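Listed below, chain by chain, are the residues.
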Amino acid sequence: MGKVLEKKGEPELAVRALQHSLAMDPNNSVTHHLLGQAYQDMGRIEDAERERKLAQQLQDVENSKP
């Protein structure tokens with residue numbers, strides 16, 4: 001839902017949907033990445049960078065699993 005809202009130009013609604021998604025699955029790298037994009041669209045650069053960095057860290061952990 002967050003991805004669709006972000007693509008439709010509704011970053012505020014996307015952030016709310018993505019935050020709800022993270023409450024259910026806080027280790028989802030894709031959700032953190034999408035949240036970073038939505039924050040970027042809102043001009044919240046520091047929040048965007050934080051979420052993208054966390055998304056990368058989670059992805060690195062996932063890729064390192066056997």
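Heads up: the structure comes first, above all this text.
Residues numbered from 1 in each chain as written. Predicted model: local features only at pLDDT ≥ 70, side-chain atom pairs only at ≥ 80, totals over all residues. Heavy atoms only, no water.

1. A closer look at helix α4 (residues 45–64)
So, step 1. Taking 1.5 Å of rise per residue, 20 residues should cover 28 Å, and α4 covers 29 Å from first to last C-alpha, within 8% of that figure.
So, step 2. Within the sequence span of α4, burial applies to D47, A48, E51, A55 and L58. An end-on view of α4 places all buried positions within 100° of arc, on one side of the element. With respect to the buried face of α4, the exposed residues turned more than 90 degrees away are E46, E49, K53, N63 and S64.
So, step 3. Tucked inside the fold, the buried residues of α4 contact α2 (11–24) and α3 (29–41). (Helix = DSSP H or I, 4+ residues; strand = E, 2+ residues; numbered from the N terminus. Expected span 1.5 Å × (residues − 1). Buried < 20%, exposed > 50% of the residue type's maximum accessible area, 1.4 Å probe, protein only. Arc of directions from axis to C-beta. Contact = heavy atoms within 4.5 Å.)

2. A few points about the pattern of salt bridges
So, step 1. Scanning the entire structure with this criterion turns up 3 salt bridges.
So, step 2. Between D47 and R50 there is a salt bridge, with its nearest N and O atoms 2.8 Å apart. Within this pair, D47 and its partner R50 are both found in helix α4, separated by 3 residues, close to a single helical turn.
So, step 3. For R50, a relative accessible area of 43% corresponds to the partly exposed category.
So, step 4. For R50, the salt bridge identified is with E51, shortest N-O distance 3.2 Å.
So, step 5. Residues participating in the shared-partner salt-bridge network are R44, D47, R50 and E51. (Salt bridge = Lys/Arg side-chain N within 4 Å of Asp/Glu carboxyl O.)

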